[in-house]
2 protein chains.
Amino acid sequence: VTAAAVALPAGFRSHVANIGIKDDTPDFVIVATERAVPTAAVFTRSRFAGPSVTLSRTQVADGLASAVVVISKNANVATGPQGHEDAIEVVRATAERLGCDASEVVIASTGVIGRLYPMDRVRAGIAALPDRLSSTDAVGPATGMMTTDTVPKLAEATVAGSTARVVGMAKGVGMIEPDMATHISLLFTDAEVAAADLDATFRRVVDRTFNCVSVDTDTSTSDTSVVMASGTAGPVDPDAFERALYEVAVDLSKQIARDGEGAHSLIEVHVDRAADGAQAKRVAKAIVNSPLVKTAVHGGDPNWGRVAMAIGKCSDDTDIDQDAVVIRFGDTEVYPRLLDDDALAALSSYMAGPDVRIHVSLATGDADASVWGCDLSDTYVRFNADYTT
Amino acid sequence: VTAAAVALPAGFRSHVANIGIKDDTPDFVIVATERAVPTAAVFTRSRFAGPSVTLSRTQVADGLASAVVVISKNANVATGPQGHEDAIEVVRATAERLGCDASEVVIASTGVIGRLYPMDRVRAGIAALPDRLSSTDAVGPATGMMTTDTVPKLAEATVAGSTARVVGMAKGVGMIEPDMATHISLLFTDAEVAAADLDATFRRVVDRTFNCVSVDTDTSTSDTSVVMASGTAGPVDPDAFERALYEVAVDLSKQIARDGEGAHSLIEVHVDRAADGAQAKRVAKAIVNSPLVKTAVHGGDPNWGRVAMAIGKCSDDTDIDQDAVVIRFGDTEVYPRLLDDDALAALSSYMAGPDVRIHVSLATGDADASVWGCDLSDTYVRFNADYTT
């Protein structure tokens, strides 16, 4: 996707502005429809979830919404009763300006934890909203959501057999190990999908995409993933719609992993021949989250011993037999058939490349899963030691 | 403890040598008694545990041993049937040379994964054992166990009301999140303790000490923790013995965390007012293992928002109410009573110091737990990217 070229699906309009949350970069995003449309969302399970999450969970409970507001550079988390009142005020004032019901506005926030919104500036930003949103641009909203992201993250797909499109945008580079939800991602489609079907489809897709990304095992307090369906393009084949939604979500998931703070490589871990999908995902996560595996990839080191160690951490999976496990880097088996030192050294350039695939066969069954992560660099450490997020 | 001054308890003798496993530093350690004595041990639960672990688990099943052998710089892990045969040969040859039964020798290994022992050199090293071990030195064995440790780790305590002593040594700097066991640690006492009592006492102590250390969430394939009781000093009060054993184990645990690869600070996380000990430990581990908390400490940043995030990750602990939680750095409350920016900045020098204590009160009950870890530095990343372990 060339970021410059992406338009929202039919039925959606956007607004992006800088309202001075932290600096002079865009920090206030609205995407809205003309009327309430089927909407589904999943959220962080964090016990320190912020008021944006708790409020939005209520807002989407009826499966309908007409706008989503994102404030970036301030997460509005751990801000007590005042933070909750501020979130409610943002939702109410935005609804009033857009001419919709307050219960139809979803809100998401991302940025520093423990600081109140600068409400005077937020109020001015909402008051400055045009009477009618006219832009169909998707790049501006994707950019306005960014905190320490280095690139806006956009993806699009067409629903086969229809003119309907799915367009998605996401932000997130650190504090990422989604659990039932993810960072912030907004997906829009002009396909006509009933609210209940949208919810079921979205949860299946999120579980195989955003919930399979981990940058650093730290789960955000602000994870929010929303999909809205304007219906403008009419009915679509449900399977084709799910494929298009998956295509956009998996593309965004890989973009998030690749843009992980300080990362040089996208790591895809594929585990197959597992007893069930949960075991496959558990083992894959153990590998992609291991700091010793992540630093080995950063060093271009085909260190399969660390992959074996990470598999071994799944100590409750007593059906895993270390003599039956196969480990591959790319297509090359490295365990149990050991390479000689020269052949192992020849893998170093692959391990140092932009796309590293670790493939593990467990020999405990027929299930499989893929997860995505990134290498761990000294840049990640310096960045998070020197910068208050 | 001044390393230069530590002698083994009565009844134990040691032998340390370089047998050329990797370089010219000590890599072969034996500590032995004259006869089989009560011995307890706990081991890694890794599914990729090496033959040293599987063999030693059998050796100590009867609660008796007369020697422990440690080979460092090669873990003998993921080495297939040949690796298992090599471990058996080391145990048999050592027993023959020491004049004890092969079933009385415990073996532990640590170092690189996936490489066979250089058995010609190992055989020569065992053949070169003196007819009778004469040294009572504890510093040599502690040094001989080291891989990338920067200092030998030793601790000692006296059992109150007796002349009995407990002397412990440990190695371990990375791949450390023990689970039912730990890295490699050897504890020796001349107290007279029955095998069953020794086992029960040791498991209680390990659970509160070595199992509460995490350097990097990666669990070793070679974790082995052994205690041997020569009985030379006669019977002791059981409670006094447990206190002395705890004192040595907690001291070694802190030494391990402080010497974590690339670490500048020992981080102690104390969680109290928890529903039960398991919840306290789970929350404490979530904090001490968070890369964002670890990098904040590395940067001297009193970033309590990241501590809140890490608590929030315990999403199944639905009894935790974010408004009732109290977070302190040292003795200073930082949440929910927020400090102004000047007061927060004043905490930076504490956060950058060698000992950082994070104290969290959950308000869900009366239980508590402490865990120990370290900051995450760019040195850890460079070290593990550039070095094959």
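So, a few notes on the structure that sits alongside this text. Keep in mind that what you see is a predicted model, and the values were worked out from it rather than measured.

With that settled, consider the environment of Asp237 of chain B. All names here are of chain B. Inspection of the secondary structure assignment puts Asp237 in the loop between β8 (224-229) and α6 (238-258). Judged by relative accessible area, which is 40%, Asp237 ranks as partly exposed. Sequence separation between Asp237 and Leu186 is 51 residues; the distance between their C-alpha atoms is 22 Å.

Residues and elements named next belong to chain B. Mapped onto the elements of the fold, Ser230 is located in the loop between β8 and α6. Classification of Ser230 as buried rests on a relative accessible area of 3%. Here Ala10 takes part through its backbone oxygen, which lies 2.7 Å from a polar atom of the side chain of Ser230. Not counting residues within four places of it along the chain, the set of residues in contact with Ser230 comprises Ala10, Gly11, Phe12, Arg35, Val37, Thr189, Asp190 and Ala191.

Across the boundary between the two partners, chain B contributes 53 residues, which contact 53 residues of chain A. With both sides pooled, the region where chain B packs onto chain A buries about 4600 Å², and carbon together with sulfur makes up 55% of that total. Interface area lost by chain B to chain A is led by Arg47, Phe48 and Gln322 of chain B, which between them contribute 17%. Between chain B and chain A we count 2 salt bridges in total. For Arg382 of chain B, the salt bridge is made with Asp378 of chain A, and the minimal N-O distance between the two is 3.4 Å. Summed over the shared surface of chain B and chain A, the result is 16 residue pairs in polar contact (both at pLDDT 80 or more).

So, about the relation of the copies chain B and chain A. With an RMSD of 0.0 Å, chain B superimposes on chain A once it is rotated by 180° and translated 0.0 Å along the axis. Put plainly, the chains are arranged around a two-fold axis. In terms of C-alpha distance to the rotation axis, chain B has Asp378 of chain B as its closest residue, with the C-alpha 2.2 Å off the axis. Both copies share a contact surface, since 100% of the interface residues of chain B are interface residues in chain A too.

A few words on the side chain of Ser253 of chain A. All names here are of chain A. Tracing the sequence through the fold places Ser253 in helix α6 (residues 238-258). What makes Ser253 buried here is its relative accessible area of 0%. Non-local contacts of Ser253, meaning those with residues more than four positions away in its chain, are made with Thr209, Phe210, Val213 and Trp372.

About the thresholds
- Residues numbered from 1 in each chain as written.
- Chains lettered and ligands numbered in written order.
- Predicted model: local features only at pLDDT ≥ 70, side-chain atom pairs only at ≥ 80, totals over all residues.
- Heavy atoms only, no water.
- Helix = DSSP H or I, 4+ residues; strand = E, 2+ residues; numbered from the N terminus.
- Buried < 20%, exposed > 50% of the residue type's maximum accessible area, 1.4 Å probe, protein only.
- Polar contact = N/O pair within 3.5 Å; in protein donor to acceptor, adjacent residues only side chain to side chain.
- Contact = heavy atoms within 4.5 Å.
- Buried area = accessible area lost by both parts, 1.4 Å probe.
- Salt bridge = Lys/Arg side-chain N within 4 Å of Asp/Glu carboxyl O.
- Least-squares fit on C-alpha atoms with pLDDT ≥ 70 in both.

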